[in-house]
Amino acid sequence: MENIKLIINFLGQLLPAINITLIVSVSSIILGSLLGLLLAAARLSESVVLRVLASVYVSVIRARRRLS
């Protein structure tokens, strides 16, 4: 019985944070997808400048060290 009361107490504290977590997650997915789409379009573009800029950006992002 005490465990159920403890869970109920923590749910009251966690529910507001779930909303923020979902907003950040969905926003990140949307922005990441848009950025990926723009970079893919730039790499497939006939413009040499766009292809080079997109390729350099992708190379830099791939080459950076992982955060650990």
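Residues numbered from 1 in each chain as written. Predicted model: local features only at pLDDT ≥ 70, side-chain atom pairs only at ≥ 80, totals over all residues. Heavy atoms only, no water.

Student: Is there a simple way to think about helix α1 (residues 2–43) in this case?
Tutor: Every α-helical turn comprises 3.6 residues, leaving residues that sit three or four positions apart pointing alike. With 42 residues, α1 ought to run about 62 Å at 1.5 Å a step, and its terminal C-alpha atoms sit 59 Å apart, in line with that. Maximum bend of α1: about 35 degrees, positioned at Leu 14, with proline Pro 16 one to four residues after it. (Helix = DSSP H or I, 4+ residues; strand = E, 2+ residues; numbered from the N terminus. Expected span 1.5 Å × (residues − 1). Bend = angle between axes of the 7 residues up to and from the residue.)

Student: I tried to follow the packing of α1 against helix α2 (residues 48–63) on my own but got confused; where do I start?
Tutor: Two packed helices can be described by the angle between their axes and the distance between those axes. Direction vectors running N to C along α1 and α2 enclose 130 degrees, while the axes themselves pass 7 Å from each other. For the element pair α1 / α2, the angle class is oblique. Crossing of α1 against α2: the hand is left-handed. Each of Leu 35, Leu 39, Ala 42 and Arg 43 in α1 lies in contact with α2, whose residues at this interface are Leu 50, Arg 51, Ala 54, Ser 55, Tyr 57 and Val 58. (Axes fitted to C-alpha atoms, helices over the stretch in contact; angles between N-to-C directions. Parallel < 35°, antiparallel > 145°, perpendicular 65-115°, else oblique. Left-handed = near helix turned anticlockwise from the far one by under 90°. Contact = heavy atoms within 4.5 Å.)

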